[in-house]
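# Notes for the structure review
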Amino acid sequence: MKLLRLFDVRCRGLGGRVGRSILIVIPLLLSCRGTVTVQLRCSQRIGHILARFDGTTDQQHDGIAVGDVNGDGYPDLISGDEVNAKLRCFLGTPKGVSSQANWTIGFPYFGGFPVFSTGDINRDGVDDLMLGGRREQSVSGGYQTLQEPQLFMGRSAGLPATSTFELTGHRAAWSVHFQDVDCTHGKELVLGEGYNETTSFNDVVSAEVYRWSAGIGSLVSGEKVGISGYANSTTSPASFAGDVNGDGCDDLLLISGFHLDSDPKHRSGAAVYRGSKAGLDQQVWYSDRTKLGYPYAGVSLGDVNADGYGDVALLVDEPDTVFKIMLGSDSGKLSALTTMAVPDQESYRVLAAADVNGDGVIDLVSAKGVFLGDGGGFFGTVPALSFVDTRSARAALAVSDVNGDGCQDIFVASRHDTLAERGFGSVTVYAGGDVIEEP
């Protein structure tokens, strides 16, 4: 007989039902008699495949982002194709995400992974698309700008054919995201950068805030923070920490990732910068690799232990360890709650947080699978849902409710390597849904 968990279970007399439910008799397991009515929270079981986009020679999927770029209420898929130097948009529909791209632009990656994200920068209710810039070192040691960071403003007709605004004189952005760092209830653009490409690989990891000015129709540069260290395409230096200190403003997690050389300036660590009404404020927490391990990325979990402060999942690289769950505090400092030892750590390169089973508790999503939260800040070390191999995908994850059932669905990009070490990338959309344990 199947055992059930993560459902609303109620006892009634024989024949009783509650809404959309499953009627199952489980004798002697509960302190009641008669039938057990199990109220499902989601329209699907977890892991049901809602859609799959297989790559071809001319269309591959190396990185993804999800947002509503035409304001119709359905999530749209943005896919980066490093091999063919393209970006594509697949519009969402009432029946799911379209299988045909309705928007394609060229973007010169030339061996670099695509970095992009969606968010509503101008507060018009439609998500916009921000692309990170790309630079390449020449034989002489200097750097050639292949593409400056570009902003494409979403609209009812979808994304425009050319960018709305382009930054100039920028370093390569290894992370791009949107968050509210100044308590305005609108989102600012945050670019995270690595080394100083004009001199040598030895200065700082930095994050820079940009805001949209409706008056002049452009992005305006704001605060900039940084820590000594190193970041490259394996690191997401500027990460969304959420409201760590519970004051209503989003805080920023800045990460200096691991590098294999012996330069002492390439230090690894992480810092929290406090959000305030004036924007990003002082650094309120820092920890180096002796306490953290080698960090790669982080993601806000919200308040997983219900103490009023935002908490963070930190992705690290150290023996037998992948995730560190870090608790927030009124000072903004993070402290370790637990460390999750999970096998096959090389496949964990990106993180997301979402309620995928509709129980009101945030779950942790990695490139290998979904780890369910229990409401006390802990996550199981065995995934409730495992994905296919995603080790070659740069931005492998995105979450959004595709089928409108209130449970967050998961977009997973993967790369199936061939003997020639090239593969056709694919995107699979897994349903967030109810979890049923088999005996």
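Going by the structure above, here's the rest.
Rules used in this analysis
Residues numbered from 1 in each chain as written. Predicted model: local features only at pLDDT ≥ 70, side-chain atom pairs only at ≥ 80, totals over all residues. Heavy atoms only, no water. Helix = DSSP H or I, 4+ residues; strand = E, 2+ residues; numbered from the N terminus. Contact = heavy atoms within 4.5 Å. Phe/Tyr/Trp six-rings, centres within 6.5 Å; stacked < 30°, edge-to-face > 60°. Buried < 20%, exposed > 50% of the residue type's maximum accessible area, 1.4 Å probe, protein only. Polar contact = N/O pair within 3.5 Å; in protein donor to acceptor, adjacent residues only side chain to side chain.

### Remarks on the environment of Gly 106
Looking at where Gly 106 falls in the secondary structure, it is placed in strand E11 (residues 103-106). Residues Gly 106 and Asp 81 lie 25 residues apart in sequence; the distance between their C-alpha atoms is 9.4 Å. Not counting chain neighbours up to four residues away, the residues in contact with Gly 106 comprise Ala 85 and Lys 86.

### Concerning the packing of aromatic side chains
Inspection of every chain in the model, using the stated rule, returns four aromatic pairs. With a centroid separation of 5.6 Å and an interplanar angle of 80°, the aromatic rings of Trp 103 and Phe 152 are classed as edge-to-face. Note that Trp 103 is positioned in strand E11 and Phe 152 in strand E16 (residues 150-152), a separation of 49 residues in sequence. For the pair Trp 103 and Phe 152, one class covers both residues: buried. Arranged with centres 5.6 Å apart and planes meeting at 70°, the rings of Phe 323 and Phe 371 form a pair that is edge-to-face.

### Topic: the environment of Asp 311
Along the chain, Asp 311 falls in strand E27 (residues 311-318). Put simply, Asp 311 and Asn 245 are 66 residues apart on the chain and 9.2 Å apart in space, counted from C-alpha to C-alpha. Within polar-contact distance, the side chain of Asp 311 engages the backbone nitrogen of Gly 328 at 2.9 Å.

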